[in-house]
Amino acid sequence: MRLVSRDLNVIWHPYTQMQTALPPVPIVRGEGACLYDENGKCYIDAVSSWWVNIHGHAHPYIAQKVSEQLKKLEHVIFAGFTHEPAIELAERLLKLLPGNQAKVFYSDNGSTAVEVAVKMCLQYWHNQGFQLTKILALKNAYHGDTFGAMAVSGRSAFTAAFDSLLFEVEFIDLPDGSNIESLKSQISNLKSNLACFIFEPLVQGAAGMIMYEAKYLDELMQHCRNEEVLLIADEVFTGFGRTGKRFACDHLNTKPDIMCFSKGLTGGTMAMGLTTCTQQIYDAFLSEDRLKTLFHGHSYTANPVACSAALASLDLFLEDKTKENIERIAENHRQFGLKIKDHPRIRTVRQTGTILAMEWETGTNTSYFNSLRDRLYQYFLDAGIILRPLGNILYILPPYCITDDQLHYIYAKIETALDEL
């Protein structure tokens, strides 16, 4: 375990209690839906390496395009300069998004894409002389780990050490048939100070793959639109096919003012964030007054190599084969969900597109810190499957290239775990 000993000497891992964590698994290469450790053991990456990988590991087409770009231009400052990969990616992506999306702002990751969106909204009103400072968000939301993204995320163990430093946010329940009218009334009462509403459309990922209906989100968004509350759709997780359509907002009639992307954007190849907005929002920053500038940027904004990876990923994403794979995975998930939904160890099964989540019955409340998590995690690792439960919620979120045989192997191991653990 040469890599492990070297790692433990120098590395601090994310979301990991280093005092009690098991040694990390040393991965040396990837191919398709599989990752291989230094001893040659294969692991099926059933969570797409934290939801980023959509086409499989070490995809030769993406590697080719990245290699070609590296030989031409690796990076250039994006203030006062531009380059073709950034322009082409913006042009192509905007054609796929709701028709009201007009401009692209590049950043580094999902959290920064959200930071940009929140700052756009707050300054949009400020530039017009309105001090609207309150933000509306959903309970249990997760939008990232930088301070602005944490502030618009639900208060939890993730934010506890920083709660006193986060700006005030109005949190509301997920909309459904029983509360939609009261939620609309709540928004109307707040509108005089409400800058925007940020939401994860249809699926709250880190909260435990909590899913809710498009029709009630649509109704809530339309009410916000009527009350002139700006809409931010955080598609960092749900974008690029995860919900069965290209983007989760394709399930909706009301379109957001701002959209946030990362994760699947580059096919899991490298870090990149992107925020899109309407012409109306962009125009609010146009002025002879330089104080109305959006003062935000990153050293690696619109990195040409990352843009090339995203363009290559987009090529693959738009192939008919990818659409067929998404439908195939969704149907496999549906059938497996029906098969296990009545198992006594299963509390609920829920699915949206390629996302399948199973809440295990433990006799206690659902919790991110449920002890079942570690047993499940290790059980599947031993079986050559990477599944990273959110407490007692197990979910499958595979790359679109995963085979039926690989899926059925995962399903079989889940059934065995239900009976044995």
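1. Examining the overall build of the protein chain
The secondary structure content of the protein chain amounts to 13 helices and 16 strands. For the protein chain, whose C-alpha radius of gyration is 22 Å, the value lies close to the compact-globule estimate of 22 Å for 421 residues. A principal-axis box enclosing the C-alpha atoms of the protein chain has dimensions of 65 × 55 × 45 Å. Per-residue burial for the protein chain yields a buried fraction of 51% across its 421 residues. Across the protein chain, contacts joining residues at least 24 apart in sequence account for 70% of those joining residues at least 6 apart. Carbon and sulfur atoms make up 52% of the accessible area of the protein chain, which totals about 19,100 Å². Each charge sign in the protein chain was given a centre, from 38 positive and 48 negative side chains, and these centres are 2 Å apart.

2. As for the sheet that holds strand S14 (residues 355–360)
Spatially, S13-S14-S16 is the arrangement adopted by the three strands of the open sheet, whose pairing is antiparallel. Only two strands of the sheet have a single neighbouring strand rather than two, namely strand S13 (346–352) and strand S16 (393–396). Averaged over neighbouring strand pairs, the angle between their axes works out to 15 degrees when direction is ignored. Along the sheet, helix H11 (residues 320–340) makes contact with S13, S14 and S16, crossing S13 at roughly 165 degrees.

3. What to know about the layout of surface pockets
Of the voids in this model, the largest pocket is the one considered here, and its volume is about 1,600 Å³. Lining of the largest pocket is provided by 43 residues; of these, Pro14, Thr16, Arg373, Tyr377 and Arg388 occupy positions nearest its centre. Where the lining of the largest pocket is concerned, the elements lending two or more residues are strand S2 (34–37), strand S3 (42–45), helix H2 (48–51) and helix H12 (372–382). Among the elements that take part in the lining of the largest pocket, H12 stands out by supplying six residues, more than any other. Of the residues in the lining of the largest pocket, the class split is 26 nonpolar, nine polar and eight charged. Estimates place the volume of the second largest pocket at around 670 Å³. Taken together, 33 residues line the second largest pocket, and the ones lying closest to its centre are Trp50, Trp51, Tyr142, Val236 and Lys263.

4. Focus on the pairing of strand S11 (residues 258–261)
Residues Ile258 and Cys260 of S11 are buried on one face, and the alternating residues Met259 and Phe261, pointing to the opposite face, are buried as well. Pairing analysis gives three bridges linking strand S10 (residues 230–234) to S11, with the strands arranged parallel. Looking across to S11, one finds that Ile232 is bridged to Ile258. With four bridges connecting them, S11 and strand S12 (residues 273–278) associate as antiparallel partners. Within S12, the residue paired with Phe261 across the bridge is Leu274.

5. Re a nonpolar patch on the surface
On the surface, Tyr15, Trp50, Tyr368 and Phe369 cluster together to form a nonpolar patch covering roughly 420 Å² of accessible area. Looking at where Phe369 falls in the secondary structure, it is placed in the loop between S14 and H12. On the basis of relative accessibility, which here comes to 57%, the residue Phe369 falls in the exposed class.

6. Considerations on the packing of aromatic side chains
According to the stated counting rule, one finds 16 aromatic pairs in the structure shown. With a centroid separation of 6.1 Å and an interplanar angle of 85 degrees, the aromatic rings of Phe78 and Tyr106 are classed as edge-to-face. Remark: Tyr106 occurs in strand S4 (residues 101–107) and Phe78 occurs in the loop between helix H3 (60–70) and helix H4 (84–96); sequence separation between them is 28 residues. Judged by its relative accessible area of 28%, Phe78 is partly exposed. Ring centres of Phe147 and Phe162 lie 5.7 Å apart, and the angle between their planes is 70 degrees; on these two criteria the pair is classed as edge-to-face. With Phe147 in helix H6 (residues 147–151) and Phe162 in the loop between H6 and strand S6 (169–172), this residue pair connects regions lying 15 residues apart in the sequence. In this structure an aromatic cluster arises from ring pairing among Tyr15, Trp50, Tyr142 and Phe158. In this structure, Arg29 is placed above the aromatic ring of Tyr36, and the distance from its NZ or CZ to the ring centre is 4.0 Å. Just above the ring of Tyr282 sits the side chain of Lys103; from NZ or CZ to the centre is 4.6 Å.

7. Observations regarding the nonpolar core
Grouped together as the largest cluster of nonpolar side chains are 91 residues, with contacts concentrated most on Phe197 and Met358. In this structure Phe197 touches Leu136, Ala137, Leu138, Ile172, Leu217, Leu220, Cys224, Val229, Leu230, Leu231 and Ile232, once residues within four positions along its chain are discounted. By size, the runner-up hydrophobic cluster in this structure holds 29 residues, among which are Val118, Ile232, Cys260 and Ile281.

The rules behind these values
Residues numbered from 1 in each chain as written. Predicted model: local features only at pLDDT ≥ 70, side-chain atom pairs only at ≥ 80, totals over all residues. Heavy atoms only, no water. Helix = DSSP H or I, 4+ residues; strand = E, 2+ residues; numbered from the N terminus. Rg over C-alpha atoms; globule rule 2.2 N^0.38 Å. Buried < 20%, exposed > 50% of the residue type's maximum accessible area, 1.4 Å probe, protein only. Contact = heavy atoms within 4.5 Å. Areas by Shrake-Rupley, 256 points an atom, 1.4 Å probe, with all protein chains shown as cover. Lys, Arg positive; Asp, Glu negative; His and termini not counted. Charge placed at Lys NZ, Arg CZ, Asp CG, Glu CD. Pairing = 2+ DSSP bridges. Axes fitted to C-alpha atoms, helices over the stretch in contact; angles between N-to-C directions. 1 Å grid on protein atoms, 1.4 Å probe; cavity = no way out; pocket = protein on both sides within 12 Å on 5 of 7 lines; lining within 4 Å. Points joined across faces, edges and corners; volume = space filled by probe spheres on them. Nonpolar A, V, L, I, M, F, W, Y, C, P; charged D, E, K, R; others polar. Patch = residues over 30% accessible without salt bridge, like charges linked within 9 Å, V, L, I, M, F, W, Y side chains within 5 Å. Salt bridge = Lys/Arg side-chain N within 4 Å of Asp/Glu carboxyl O. Phe/Tyr/Trp six-rings, centres within 6.5 Å; stacked < 30°, edge-to-face > 60°. Lys NZ or Arg CZ within 6 Å of the ring centre and 35° of its normal. Core = buried A, V, L, I, M, F, W, Y, C linked by side-chain atoms within 4.5 Å.

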